Amino acid sequence: MAIKFSRTFLLRKLHQITGIVPLGAFFFVHMFTNAKAMNGAKVFNDAVADIHHLPFLLLIEIFGIFLPLLYHSVYGIIISAEAKVNVVSYGFGRNWLYLFQRITGIFLFVFILFHLLHLRFGLFAGIGLTDIAVAGNASMAYEIIALDFQSVGIVIFYILGVGATAWHLGYGIFLFVVDWGIVVGEKAQKAALYASAFIAISLFGLGTNAIFSFIRPCGLMPSVLCEQTEKGKAVESEKF
Amino acid sequence: MSESNGHLQKKMLSNPPETIKVRIKRRENLKSDQYTDTFEVPYRRNLNVISVLMHIRKNPNTTDGRDVTPPVWDMNCLEQVCGICTMVINGHVMQSCSALVDDLLLESGDNTISLEPMSKFPNVRDLKVDRTPMFDHLKKVHAWVELDGSHDLGAGPAMPQETQQERYAYSRCMTCGCCLEACPQYDGDNYIGPQAIAQVRLFNMHPTGEMNREDRLEALMDDDGIANCGNSQNCVQVCPMGLPLTRAIYETNREVTVHGLFGWLRK
Ligand code: HEM
Ligand code: SF4
Ligand code: SF4
Ligand code: FES
């Protein structure tokens, strides 16, 4: 069983797997953490602090997020540049999805770059945003973001960002299961496509509600769904 | 619809035009620039694109009054089994022998038909392309069954009905190139394309052909291999012979994953 494989083959397989783990898995966790904002500033800030207290945080950040993200995004742009887009002549549904995977990917590149540089490194103070990075300031995380979200433009940008990521990951899960030969048949593929759509819509809902949780308590949800602790409310009213 | 005599009544234009216009993308030779000539052809019932081209060959004068060399194209079987007459008609890749003028005009709602050579193959002249890359791909993936010699080997091993049916579907490929023309990932030599992948499946499913299975999988794990597929599934939509190309791709993805990527786990 001495099968040789080429560089491109390995790079492609690596690109496909990095989309799922760690990036896809990270996105699930990330949206779930953000969703905690619906229960108020304190709950959210505690969650951020918990992350800051993870053991080996720097190593997790570098090897679990930055490097895979750098690889997936740069190679993703190379793959996108190779595409000979032909949806005008061949407007089949899957062909559009093929194009959207590339468009969302390129948009994500811009969005994630902004998101990271701003919240992880405190850049972009110039355009009316704070220069305090969330990293290292867990106790003010909620407030920093709430301040950012006073700008309608930023809120829209974030909704688009969450939407594009949910779409890209949702269809990406479908792509992964067919690329690795896990789902083969036509019927099974249809089921996988529905499952992917369900995951994408759920993640989009979760993420969007989290965005609105920085604007009004409990986001877009009725407040019965939220645990508004006395302490949480107190922090809320002290917002600067 | 008169289905009584076993013939399916084709859709026909109810009030056809006197003449149709034909716009042809042309080229002198491999290296020269592409240009367009437009011709006018009287409409007849049951015209197909080849008969339109034959009319132009007899009367090679353009609508702007120039006498030009007759356009060059390939044809052979005239019944959609050889694949050689494939070209891009009104933006879609198909066989010109089975492309009916009535269907084209009905679909576009226009009296002009545009003809272009396939864009993913070397364009030898006018509508003629060189399909050698596809035959090179077949060589690369070992798309044949190895024989020890010419002596009588007796009856071959039996195959389950299911395998036969799937293999029959792949065996219908006529190497026309439609799937490669419509594939957004295929462009010359960066990707071997779905046509060769289907033939890998065909020969890997054969009890004797299976002996070279690993050579074929290995060929598909090369730089231009199966991992370049972007899953747009255009190939299966445009294949005129109805090959289950995406099935071939995903079954092969599974083999490549199990035997190529995770094969070392069985060591
Ligand atoms: C930041 C910029 C990004 C770019 C430019 C990008 C680009 C791409 C491209 C072009 C593909 C299609 C590959 C193909 O069809 O062969 C793809 C697939 C995928 N991406 Fe991304 N991506 C980015 C970020 C992300 C993120 C943040 C995630 C996770 C949330 C992700 C998850 C996936 C998954 C799961 C796939 C499917 C892998 C497969 O084809 O089997 N990507 N990406
Ligand atoms: S599914 Fe793959 S092989 Fe078929 S057209 Fe799309 S990219 Fe090409
Ligand atoms: S697979 Fe279909 S479209 Fe592709 S070359 Fe064969 S017959 Fe033509
Ligand atoms: S001439 Fe053979 S397919 Fe058209």
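Thresholds applied
Residues numbered from 1 in each chain as written. Chains lettered and ligands numbered in written order. Predicted model: local features only at pLDDT ≥ 70, side-chain atom pairs only at ≥ 80, totals over all residues. Heavy atoms only, no water. Helix = DSSP H or I, 4+ residues; strand = E, 2+ residues; numbered from the N terminus. Buried < 20%, exposed > 50% of the residue type's maximum accessible area, 1.4 Å probe, protein only. Contact = heavy atoms within 4.5 Å. Areas by Shrake-Rupley, 256 points an atom, 1.4 Å probe, with all protein chains shown as cover. Lys, Arg positive; Asp, Glu negative; His and termini not counted. Charge placed at Lys NZ, Arg CZ, Asp CG, Glu CD. Donors = N, O, S within 2.8 Å, 3.2 Å for Na, K, Ca; no water. Tetrahedral: all angles 85-135°; square planar, octahedral: opposite > 155°, others 65-115°. Buried area = accessible area lost by both parts, 1.4 Å probe. Salt bridge = Lys/Arg side-chain N within 4 Å of Asp/Glu carboxyl O. Near = heavy atom within 4 Å. Nonpolar A, V, L, I, M, F, W, Y, C, P; charged D, E, K, R; others polar. Disulfide = S-S within 2.5 Å. Polar contact = N/O pair within 3.5 Å; in protein donor to acceptor, adjacent residues only side chain to side chain. Pairing = 2+ DSSP bridges. Domains from an automatic or database assignment.

Novice: Explain the overall build of chain B here, please?
Specialist: A count of helices and strands for chain B gives 9 helices and 7 strands. Along the three orthogonal principal directions, the C-alpha set of chain B runs to about 75 × 55 × 40 Å. Relative to its full complement of 267 residues, chain B shows a buried share of 50%. Of all intrachain contacts in chain B linking residues separated by at least 6 positions in sequence, the fraction that spans at least 24 positions is 64%. About 13,200 Å² of surface is accessible on chain B, with carbon and sulfur atoms providing 48% of the total. For chain B, the distance from the average position of its 28 positive side-chain charges to the average position of its 35 negative side-chain charges is 2 Å.

Novice: Where do I start with the coordination of the iron atom of ligand 1 in this structure?
Specialist: Between any two of four tetrahedral donors, the ideal angle at the metal is 109.5 degrees; between two of six octahedral donors, it is 90 or 180 degrees. Residues and elements named next belong to chain A. Donor atoms from the polypeptide that bind the iron atom of ligand 1 are His72 (NE2) and His168 (NE2), placed at 2.0 Å. One can describe the site at the iron atom of ligand 1 as octahedral: its 6 donor atoms subtend angles covering 85 to 180 degrees at the metal. Pair noted here: His72 is in helix α3 (residues 57-82) and His168 is in helix α6 (residues 152-179), with a separation of 96 residues, a long-range link. In this pair, the class of His72 matches that of His168, namely buried.

Novice: Is there a simple way to explain the interface of chain B and chain A in this structure?
Specialist: Quoted interface sizes are often the accessible area lost when the parts come together. Each partner contributes residues to the interface: chain B has 41 residues there, and chain A has 34 residues. Summing both sides of the interface, chain B and chain A together bury roughly 3,400 Å²; the carbon and sulfur share of this comes to 53%. Contact with chain A buries area across many residues of chain B, yet Met221, Ala227 and Leu261 of chain B alone supply 16% of it, more than any other trio. Linking chain B with chain A are 1 salt bridge.

Novice: Even after reading the chapter, I still don't get the site of ligand 3, so can you show me in this structure?
Specialist: As a matter of local geometry, ligand 3 sits amid 13 residues, with Cys173, Cys176, Gly177, Cys179 and Cys239 of chain B nearest to it. Looking at the shell around ligand 3, its residues break down into 10 nonpolar, 3 polar and no charged.

Novice: When you look at the state of the cysteines in this model, what are you seeing that I'm missing?
Specialist: Covalently bonding the sulfur atom of one cysteine to the sulfur atom of another cysteine gives a disulfide. Residues and elements named next belong to chain A. Applying the stated criterion across every chain, the model contains 1 disulfide over all chains. The disulfide bridge from Cys218 ends at Cys226, spanning 1.7 Å between sulfur atoms. In this structure, the disulfide formed by Cys218 and Cys226 twists by about 80 degrees around the S-S bond and is classed as right-handed. What makes Cys218 buried here is its relative accessible area of 1%. The exposure class assigned to Cys226 is buried, which follows from its relative accessible area of 11%.

Novice: What am I meant to see in the site of ligand 1 here?
Specialist: Residues and elements named next belong to chain A. Near ligand 1 there are 25 residues, and of these Gln16, His72, His168, Gly172 and Asp179 occur at the shortest range. Here a nitrogen atom of ligand 1 and a side-chain polar atom of His72 are 2.7 Å apart. His168 is positioned with one of its side-chain polar atoms (N or O) 2.8 Å from a nitrogen atom of ligand 1. Where the shell around ligand 1 is concerned, the elements lending two or more residues are α1 (7-35), α3, α4 (93-119) and α6. By residue number, the principal contributor to the shell around ligand 1 is α1, which donates 8 residues. Class assignment of the residues belonging to the shell around ligand 1 gives a composition of 9 nonpolar, 13 polar and 3 charged.

Novice: How should the pairing of strand β1 (residues 19-26) of chain B be read in this particular structure?
Specialist: Looking along a regular strand, one sees the side chains alternate between the two faces of the sheet. All names here are of chain B. Side-chain alternation along β1 places Ile20, Val22, Ile24 and Arg26 on a buried face and Thr19, Lys21, Arg23 and Lys25 on a face that remains uncovered. The pairing of β1 with strand β2 (residues 35-42) spans 8 bridges and is antiparallel. When the bridges of β2 are listed, Thr19 appears paired with Pro42. Note that β1 and strand β5 (residues 112-116) share 4 bridges and pair parallel. If you follow Val22 over to β5, its bridge partner there is Ile113.

Novice: Mind showing me how you'd approach the pattern of salt bridges here?
Specialist: Here the idea is simple: oppositely charged side chains can pair when their charged atoms come close. In the structure shown here, the tally under the stated rule is 21 salt bridges over all chains. Taking the shortest distance from any N to any O, the salt bridge between Asp46 of chain A and Lys42 of chain A comes out at 2.4 Å. Pair noted here: Asp46 of chain A and Lys42 of chain A are both in helix α2 (residues 41-52), with a separation of 4 residues, about one helical turn. One salt bridge connects Asp102 of chain B with Arg45 of chain B, and the closest N-O pair in it is separated by 3.3 Å. Of this pair, Asp102 of chain B sits in helix α2 (residues 101-108) while Arg45 of chain B sits in the loop between β2 and α1 (49-58); the two residues are 57 residues apart in sequence, bridging distant segments of the chain. Residue classification places Arg45 of chain B among the partly exposed residues on the basis of a relative accessible area of 36%. Overlapping salt bridges, with partners in common, bring together Arg26, Asp37, Asp64, Arg66, Arg125 and Asp126 of chain B in one network.

Novice: Please explain the domain arrangement of chain B as it appears in this structure.
Specialist: Residues and elements named next belong to chain B. Per the domain assignment, the segments making up chain B are domain 1 (3-129) and domain 2 (132-266). The distance between the C-alpha centroids of domain 1 and domain 2 comes to 31 Å. Opposite the 14 residues of domain 1 that make contact, domain 2 presents 15 residues. Across the domain 1/domain 2 interface, buried area totals approximately 1,100 Å², and carbon plus sulfur atoms make up 61% of it. By the criterion of area lost to domain 2, the three top residues of domain 1 are Val93, Lys120 and Phe121, representing 52% of everything that side buries.

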